[in-house]
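Read off the chains here:
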Amino acid sequence: MLTAEDYQSGQVLLIDKPLNWTSFQVVNKLRWEIRQAFNIKKIKVGHAGTLDPLATGLLVICTGKMTKQIDSFQGQTKEYTGTIVLGSTTPSYDLESEINETFPTDHITEDLIHKATKQFVGEIDQFPPVFSALKKDGKRLYEYARAGEAVEVKSRKITIEAFEITKIENDNVDFRVVCSKGTYIRSLANDFGKALQSGGYLSALRRTKIGDFNVSNATSIETFIKELQ
């Protein structure tokens, strides 16, 4: 059983983030629960890499003095699994917004899908989604997007080490991606649709690894709270 001193001196907690929670909400919840459990006024808690509310999976949470390691954890290679839906697009590149355009998919074969992954492996230029938490002129991009304001987004160099198709069922394409820090899987889904002369958006996403940390070793928020008591 960990003590207040353990959390203050620094812990790395692996949490399996549930759907519809922001990473910030998870951090706030855990901080509050730790403070309540040990009756402490203040403790540092932070996460090493944001997950979108519509994504699930591995969040690396650092407490106390281990928050100084957050940058090094954030820089590590990440692995994701998920599903891309072909034939349509959304402004947010995922299910946060409604479908805005549809495209034909009759020409898309399984062979074409597998071949299209090759152009995304290695160092590539990627445009982040306009619905993202990146800042421009002191405002987050999603604030401009939700207000209907056009904003120029610059591309960034990212590295995709592996892009593997694990299942194809009608227009649903399941995948596994190993990538560098700063990669937006939503942008990859959108770009993948374009590469197939169609459209694509992300319908499911799960982070499975950050460096040597694996979601198979992560606990749910509920389990973590129970173990505190």
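Model, not experiment: these values are computed from the prediction.

### Digging into the layout of surface pockets
Piece 1. Computed from the structure, the largest pocket encloses a volume of approximately 1,100 Å³.
Piece 2. Every element with two or more residues in the lining of the largest pocket is listed here: α2 (23–38), β4 (78–86), α5 (141–146), α6 (185–195) and β12 (200–210).
Piece 3. In terms of residue count, the dominant contributor to the lining of the largest pocket is β12 (three residues).
Piece 4. In the lining of the largest pocket, the residues fall into 13 nonpolar, nine polar and ten charged.

### Some details on α6
Piece 1. Most of α6 sits inside the fold, with eight of its eleven residues counted as buried.
Piece 2. Within the sequence span of α6, burial applies to I185, R186, S187, L188, A189, N190, F192 and G193.
Piece 3. Trailing α6 by a residue or two, Q197 shows a phi angle of about 55°, which is positive.

### Topic: the state of the cysteines
Piece 1. Taken as a whole, this structure holds zero disulfides when the rule is applied.
Piece 2. Looking at the unpaired C62, the closest cysteine sulfur is the one in C179, lying at 19 Å.

### Re a positive patch on the surface
Piece 1. The grouping of K42, K44, K65 and K68 at the surface amounts to a positive patch.
Piece 2. With respect to the secondary-structure elements, K68 resides in the loop between β3 (55–63) and α3 (70–74).
Piece 3. Judged by relative accessible area, which is 68%, K68 ranks as exposed.

Parameters and conventions
- Residues numbered from 1 in each chain as written.
- Predicted model: local features only at pLDDT ≥ 70, side-chain atom pairs only at ≥ 80, totals over all residues.
- Heavy atoms only, no water.
- 1 Å grid on protein atoms, 1.4 Å probe; cavity = no way out; pocket = protein on both sides within 12 Å on 5 of 7 lines; lining within 4 Å.
- Points joined across faces, edges and corners; volume = space filled by probe spheres on them.
- Helix = DSSP H or I, 4+ residues; strand = E, 2+ residues; numbered from the N terminus.
- Nonpolar A, V, L, I, M, F, W, Y, C, P; charged D, E, K, R; others polar.
- Buried < 20%, exposed > 50% of the residue type's maximum accessible area, 1.4 Å probe, protein only.
- Disulfide = S-S within 2.5 Å.
- Patch = residues over 30% accessible without salt bridge, like charges linked within 9 Å, V, L, I, M, F, W, Y side chains within 5 Å.
- Areas by Shrake-Rupley, 256 points an atom, 1.4 Å probe, with all protein chains shown as cover.
- Salt bridge = Lys/Arg side-chain N within 4 Å of Asp/Glu carboxyl O.
- Lys, Arg positive; Asp, Glu negative; His and termini not counted.
- Charge placed at Lys NZ, Arg CZ, Asp CG, Glu CD.

Geometry only, nothing functional implied.
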